[in-house]
Amino acid sequence: MKLAMIGFGQAGGKIVDRFLEYDDRTGSGIVRAAVAVNSAKTDLMGLERIPEENRVLIGQAEVNGHGVGADNELGAEIAENNVDEIQHAIDSIPTHEVDAFLIVAGMGGGTGSGGAPVLADHLKRIYTIPVYGLGVLPGADEGGIYTLNAARSFQTFVRETDNLLVFDNDSWRQTGESVEGSYEQINGEIVRRFGILFGAGEVRKGQEVAESVVDSSEIINTLAGGGVSTIGFASEDVDVDAGGGLLSRFTGGDPGDELDTAETTNRITSLVRKATLGRLTLPCEVEGTERALLVLAGPSAYLNRKGIERGRTWLEDETGSMEVRGGDYPRRESEVAAAVLLSGVTNVPRIKRLQEVAIEAQDRIDDIEAEREQNLEDLVEDEEDELEPLF
Ligand code: GDP
């Protein structure tokens, strides 16, 4: 599947940069075009792979390249005011070669949190291809304002996109790592999961055609209907050259091959379980998922239709969904990986908790605001009113 990716804000830009690196390294060809949008000049300068002409600095009149702090209302306002400049960069993208837009943003900050939903609304009005969001939730230790920003942005971003794929920093942070080091690692995890998922629909010239190939329309149909999505992932190292690729699958007759088939099937089904029941990008209850897509990636000798079929049936039971798609994605990497897209999840305690904390933060901000005038007066005025201001 070919995507036009737009990284909004610092986290968004860094993650899109990382997708470009993934594309280069694996040749997966997912990113047809990459744009970064930010109100902070230094963040744009820190990017490595997004072409300079595709880096859009917005809000020069409002904040002069210094960013919006964590003020996402200002972020939204600046995006509204500068939507023509963003559109100008998007005009250079050959959108007829693109299957969908993916707007990536950290939802706890200011620029991306406020701007990404504004851009989604704008793109949906203009283009007929789907507009997806990849929203990153902040860690719980980032504090009330980040949680409040994320909760408000989440509501808006879900409404404005055709589907919001969520990644929760909180369930992925590493203890003992520096914030930067930990983002490095987290961004790697994000790109790995989304890379397999979106790479699946992208069969290139010279590549083996999958036995039951996942194509872009299956990804789009799984995401259609909107709502919130999460991804599960599991992988196992294998020897790329074992079995000689396609050859071993078709030799047949040899008892050794029978064993291989059973092993391959079992490996696939256990990977599907691990992916679904392990750590999701957004932790949630799997039961009640509206639609799901299973992608099995790896050297073709390790993929088989029976395993995928079993994995798919198991996913149907586990989710209770009647709309579970599945297929393979042959690639010459030394691992077999299962990516499970759960689309239209509704039982997500993490979001309810985020909203509770956000409401507490909002009440606290309102209290502080109400007390502020009085507190300032208490500080500045002397008790007996003996002093007189200058004028
Ligand atoms: P903005 O530039 O104003 O949009 O704000 P940032 O993107 O800097 O930060 C928004 C939120 O994104 C933060 O609160 C973090 O939760 C998260 N974040 C920042 N940088 C990264 C990153 O590199 N990776 C990930 N996964 N999250 C990040």
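Residues numbered from 1 in each chain as written. Predicted model: local features only at pLDDT ≥ 70, side-chain atom pairs only at ≥ 80, totals over all residues. Heavy atoms only, no water.

Engineer: Tell me what's going on with the packing of aromatic side chains, and back it up with residues and numbers.
Structural biologist: Inspection of the entire model under this criterion finds three aromatic pairs. Over the ring of tryptophan 172 we find arginine 279; its NZ or CZ atom is 3.9 Å from the centre of that ring. (Phe/Tyr/Trp six-rings, centres within 6.5 Å; stacked < 30°, edge-to-face > 60°. Lys NZ or Arg CZ within 6 Å of the ring centre and 35° of its normal.)

Engineer: Account for the UniProt feature "binding site: GTP" (unreviewed entry) in the chain, with residues named and values stated.
Structural biologist: In the UniProt entry, the feature "binding site: GTP" (unreviewed entry) is given for Gln10, Ala11, Gly12, Gly13, Lys14, Gly110, Thr111, Gly112, Glu142, Asn169 and Asn187. Residue placement: glutamine 10 occurs in helix H1 (residues 9–26). When neighbours within four sequence positions are excluded, glutamine 10 is seen to be in contact with Asn38 and Asp43. By relative accessible area, which is 30% here, alanine 11 ends up partly exposed. (UniProt positions renumbered as here; feature names shortened; annotations may be inferred. Helix = DSSP H or I, 4+ residues; strand = E, 2+ residues; numbered from the N terminus. Contact = heavy atoms within 4.5 Å. Buried < 20%, exposed > 50% of the residue type's maximum accessible area, 1.4 Å probe, protein only.)

Engineer: Describe the domain arrangement of the chain, with residues and values.
Structural biologist: Here the domain parsing of the chain yields domain 1 (3–199) and domain 2 (216–343). Using C-alpha coordinates to define each centre, domain 1 is positioned 28 Å away from domain 2. Counting residues at the interface gives 26 residues for domain 1 and 28 residues for domain 2. Carbon and sulfur atoms supply 63% of the area buried between domain 1 and domain 2, which totals about 2,300 Å² over both sides. Contact with domain 2 buries surface across domain 1, with Arg193, Ile196 and Leu197 losing the most and accounting together for 29% of the total. Across the domain 1-domain 2 interface, the total number found is one salt bridge. For arginine 192, the salt bridge identified is with glutamate 335, shortest N-O distance 3.2 Å. For the side of domain 1 that touches domain 2, the elements supplying multiple residues, two or more each, are H1, strand S5 (131–137), helix H7 (144–160), strand S6 (163–168) and helix H8 (179–199). (Domains from an automatic or database assignment. Buried area = accessible area lost by both parts, 1.4 Å probe. Salt bridge = Lys/Arg side-chain N within 4 Å of Asp/Glu carboxyl O.)

Engineer: Account for the nonpolar core, naming residues and giving values.
Structural biologist: In terms of nonpolar packing, the biggest core is built from 68 residues, with Phe8, Ile90, Phe101, Leu123, Leu296 and Leu315 touching the most fellow members. No fewer than three residues from each of domain 1 (3–199) and domain 2 (216–343) sit in this core. Leaving out residues up to four positions away in the same chain, phenylalanine 8 has contacts with Gly13, Val37, Ile58, Ala79, Ile86, Val104, Ala105, Thr111, Gly112, Gly115, Ala116 and Leu119. Core analysis: the second largest hydrophobic core is formed by 45 residues, Ile15, Ala34, Leu102 and Val136 among them. (Core = buried A, V, L, I, M, F, W, Y, C linked by side-chain atoms within 4.5 Å.)

Engineer: How would you explain helix H13 (residues 349–380) if you had to name every residue and give the values?
Structural biologist: Taking 1.5 Å of rise per residue, the 32 residues of H13 would be expected to cover 46 Å, and the 46 Å separating its terminal C-alpha atoms lies within 8% of that figure. Among the residues of H13, those classed as buried are Arg350, Ile351, Leu354, Gln355, Ala358 and Ala361. Those residues of H13 hidden inside the fold are in contact with S5, H7 and S6. (Expected span 1.5 Å × (residues − 1).)

Engineer: Please provide a residue-by-residue account of the site of the ligand, values included.
Structural biologist: Around the ligand sit 18 residues, and of these Gln10, Ala11, Gly112, Glu142 and Asn187 come closest. In the model, an oxygen atom of the ligand is placed 2.9 Å from a nitrogen or oxygen of the threonine 111 main chain. Between the ligand and asparagine 187 there is a distance of 2.7 Å, counted from a nitrogen atom to a side-chain nitrogen or oxygen. Out of a free accessible area of 570 Å², the ligand has 93% covered by protein chains. Secondary-structure elements contributing two or more residues to the shell around the ligand are H1, helix H6 (111–126) and H8. Its residues assigned to classes, the shell around the ligand shows seven nonpolar, nine polar and two charged. (Near = heavy atom within 4 Å. Polar contact = N/O pair within 3.5 Å; in protein donor to acceptor, adjacent residues only side chain to side chain. Areas by Shrake-Rupley, 256 points an atom, 1.4 Å probe, with all protein chains shown as cover. Nonpolar A, V, L, I, M, F, W, Y, C, P; charged D, E, K, R; others polar.)

Engineer: Any chance you could break down the pattern of salt bridges for me, citing the residues and the numbers?
Structural biologist: Under the definition given, this model contains 22 salt bridges. The partner of glutamate 323 in a salt bridge is arginine 325, and the shortest N-O contact between them spans 3.1 Å. On the accessibility criterion, glutamate 323 (35% relative accessible area) is partly exposed. The exposure class of arginine 325 is buried, given its relative accessible area of 19%. It is possible to trace a salt-bridge network through shared partners that takes in Arg18, Glu21, Arg25 and Glu184.

Engineer: Describe in detail the environment of aspartate 141, supporting the description with residues and values.
Structural biologist: If you trace the backbone, aspartate 141 turns up in the loop between S5 and H7. The exposure class of aspartate 141 is exposed, given its relative accessible area of 58%. Counting along the chain gives 29 residues from aspartate 141 to aspartate 170, while the straight-line C-alpha distance between them is 8.2 Å. A polar side-chain atom of aspartate 141 sits 3.3 Å from a polar atom in the side chain of arginine 173.

Engineer: Got a sec to walk through the pairing of strand S10 (residues 335–343)? Specific residues and values, please.
Structural biologist: Most of S10 sits out of view: nine of its nine residues are buried. Strand direction decides the pairing type here: strand S7 (residues 228–237) and S10, joined by nine bridges, are antiparallel. When the sheet's bridge partners are listed, phenylalanine 233 is paired in S10 with alanine 339. (Pairing = 2+ DSSP bridges.)

Engineer: Which residues make up the sheet that holds S10, and what are the values?
Structural biologist: One open sheet holds the ten strands; their spatial order is S3-S2-S1-S4-S5-S6-S7-S10-S8-S9, and the pairing between them is mixed. Looking along the sheet, the strands with just one partner apiece sit at the ends: strand S3 (55–57) and strand S9 (323–330). Averaged over all pairs of adjacent strands, the angle between their axes in this sheet comes to 20 degrees, without regard to strand direction. Here two bridges tie S6 to S7, and the two strands are oriented parallel to one another. Residue pairing across strands places leucine 164 opposite valine 228, the latter belonging to S7. Against the sheet, H1 contacts strand S1 (3–8), strand S2 (31–38), strand S4 (100–106) and S5, and its axis sits at roughly 145 degrees relative to S1. (Axes fitted to C-alpha atoms, helices over the stretch in contact; angles between N-to-C directions.)

Engineer: Outline unusual backbone geometry, supporting the account with residue identities and numerical values.
Structural biologist: Peptide bonds are mostly trans, and most non-glycine residues show a negative phi. Notably, asparagine 64 is not glycine yet its phi reads approximately 55 degrees, a positive angle. Take asparagine 64: it is sitting in the loop between helix H3 (60–63) and helix H4 (72–81). A positive phi angle, near 60 degrees, is found at aspartate 385, a position not held by glycine. Inspection of the secondary structure puts aspartate 385 in the segment after H13. Since its relative accessible area comes to 56%, aspartate 385 is described here as exposed.

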